[in-house]
Amino acid sequence: MSAARDPRPLTGEPLALDLLNTRWMSEGTLQDLLTDVDGLAVWLASAGLGGDHVPDDRMLRHVRQARQALQAAVDGSLEEGAPLVDAVLQHGRVRIALTPQGVVEHPELSDPAWGPAWLAARDYLELLRTAPDRIRSCAHESCVLHFLDTSRNGTRRWCSMATCGNRAKASRHYARSKDA
């Protein structure tokens, strides 16, 4: 698998949700981009973290841990997921500085291998702060993808209208025509 090609059907979501979307369904089978370091390299490049972090087995373990924590928080409950997300966040902190360009934040990590995992967990905190009601799971029963609803009225239901939304429309049409 080359770092230039990301096989996932949905990319470009905020970092925390993009990490969750490293698992997806394809023809009824759950796919996982993070099965090896090559897949991690694909995700890092796709997320814009490729130049900053050199993937290795330790980083892969940390990123998988962050994904599991985020999954528990997003698809389970904050009560269940918060301690798991906190376990990832404990490996870093933010140092704030004033520069001529304004206020900047610099992450300080206990180990650079925690970088992508910590950044994804921190991004989730930012999503909770700014748009907690816009963090969504696709409404299609066989889809496992997540997205940030940026629609004007906040009613987006599908990860993609072209795939999951279209499948749902086709199912409803088939059911109506079958009943007729």
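Throughout what follows, the structure given in this document is the object of discussion. (Residues numbered from 1 in each chain as written. Predicted model: local features only at pLDDT ≥ 70, side-chain atom pairs only at ≥ 80, totals over all residues. Heavy atoms only, no water.)

Brief notes about the overall build of the protein
So the rule is basically this: Runs of E in the DSSP output that reach at least two residues are strands. Runs of H or I that reach at least four are helices, and both are numbered from the N terminus. Three exposure classes are used, based on accessible area relative to the maximum for each residue type with a 1.4 Å probe and protein chains only: buried under 20%, partly exposed in between, and exposed over 50%. The contact criterion used throughout is that any non-hydrogen atoms of two residues lie within 4.5 Å. Computed with a 1.4 Å probe, the accessible areas rest on the Shrake-Rupley method; for each residue, only the protein chains presented here act as cover.
Each helix and strand in the protein was counted, giving six helices and six strands. Written out in order from the N terminus, the α and β elements of the protein read α-β-β-α-α-α-β-β-α-β-β-α. Counting over 180 residues, the protein shows a buried share of 37%. Long-range pairs, those at least 24 residues apart, make up 49% of the contacts in the protein with a sequence separation of at least 6. Working note: accessible area of the protein is about 10300 Å², and carbon and sulfur atoms make up 51% of it.

Side note on a nonpolar patch on the surface
We count it as follows: What goes into a patch is any residue over 30% in relative accessible area without a salt bridge, connected to like charges within 9 Å or, for nonpolar side chains (Val, Leu, Ile, Met, Phe, Trp, Tyr), within 5 Å. Note on definitions: salt bridges are taken to be side-chain nitrogens of Lys or Arg within 4 Å of carboxyl oxygens of Asp or Glu.
A surface patch of nonpolar side chains, about 220 Å² in accessible area, is lined by M25, L30 and V144. Along the chain, V144 falls in the loop between β5 (135-137) and β6 (146-148). What makes V144 partly exposed here is its relative accessible area of 32%.

Section: the nonpolar core
Here is the rule we go by: In these notes, a set of buried Ala, Val, Leu, Ile, Met, Phe, Trp, Tyr and Cys residues joined through side-chain atoms within 4.5 Å is what counts as a nonpolar core.
In this structure, L19, L40, W43, V63, L70 and C159 are the most contacted members of the largest nonpolar core, which totals 43 residues. Among the elements that make up this core, the one with the highest residue count is helix α3 (residues 57-76) (eight residues). When neighbours within four sequence positions are excluded, L70 is seen to be in contact with A16, L19, L20, V85, A120, A121 and Y124.

Observations concerning the side chain of D123
Quick reminder of the rule: In this tally, Asp and Glu contribute negative charge and Lys and Arg positive charge; neither His nor the terminal groups of the chain are included. Two N or O atoms form a polar contact when they lie within 3.5 Å of each other; inside protein one atom must be a possible hydrogen donor and the other a possible acceptor, and for residues adjacent in sequence the pair counts only when both atoms belong to side chains.
Within the element layout of this structure, D123 appears in helix α5 (residues 115-130). Of the buried charged residues, D123 lacks a salt bridge, with R122 as the closest side chain of opposite charge at 7.9 Å. Among the polar contacts listed, one links the side chain of D123 to the backbone nitrogen of A16, at a separation of 2.9 Å. If near-sequence neighbours (up to four positions away) are discounted, D123 is found in contact with P14, L15 and A16.

Observations regarding α5
What counts is decided by this rule: For a helix, the expected span equals 1.5 Å multiplied by the number of residues minus one.
With 16 residues, α5 should cover 22 Å at 1.5 Å per step; its first-to-last C-alpha distance of 22 Å lies within 8% of that length. Along α5, the positions that sit buried rather than exposed are G115, P116, A117, W118, A120, A121, D123, Y124 and L127.

Let's talk about the pattern of salt bridges
Taken as a whole and assessed by the stated rule, the structure comprises twelve salt bridges. Between D6 and R8 there is a salt bridge, with its nearest N and O atoms 2.8 Å apart. Each member of the pair D6 and R8 is classed as buried. Notably, a salt bridge pairs R122 with E105, separated by 3.0 Å at the nearest N-O pair.

A look at the packing of aromatic side chains
One pair of aromatic rings is described through two measures. These are the centre distance and the angle between the planes. How we decide: We call Phe, Tyr and Trp rings a pair once their centres come within 6.5 Å, taking the six-membered ring for Trp, and we label the pair stacked below 30 degrees between planes, edge-to-face above 60, and tilted otherwise. A ring is scored as having a charge over it whenever the NZ atom of a lysine or the CZ atom of an arginine sits within 6 Å of its centre and within 35 degrees of its normal.
Under the defined criterion, the tally for this structure stands at zero aromatic pairs. Above the ring of F147, the side-chain terminus of R156 is found at 4.0 Å from the ring centroid.

Some thoughts on the side chain of H91
Considering the arrangement of structural elements, one finds H91 in the loop between α4 (78-89) and β3 (92-99). Note on H91: relative accessible area 18%, which makes it buried. Within polar-contact distance, the side chain of H91 engages the backbone oxygen of A87 at 3.5 Å. Of the polar contacts made by the side chain of H91, one reaches the side chain of W114; its length is 3.4 Å.

Concerning unusual backbone geometry
At E27, a position not held by glycine, the phi torsion is positive, near 50°. Here E27 falls in the exposed class, since its relative accessible area comes to 82%.

Examining the environment of D75
The topology assignment puts D75 in helix α3. When the C-alpha positions of D75 and S137 are compared, they lie 7.9 Å apart, and in sequence the two are 62 residues distant. Apart from the residues within four sequence positions on either side, D75 is in contact with S137 and H146. A polar atom in the side chain of D75 sits 3.2 Å from the side chain of S137. Polar contacts involving the side chain of D75 include one to the side chain of H146, which spans 2.8 Å.

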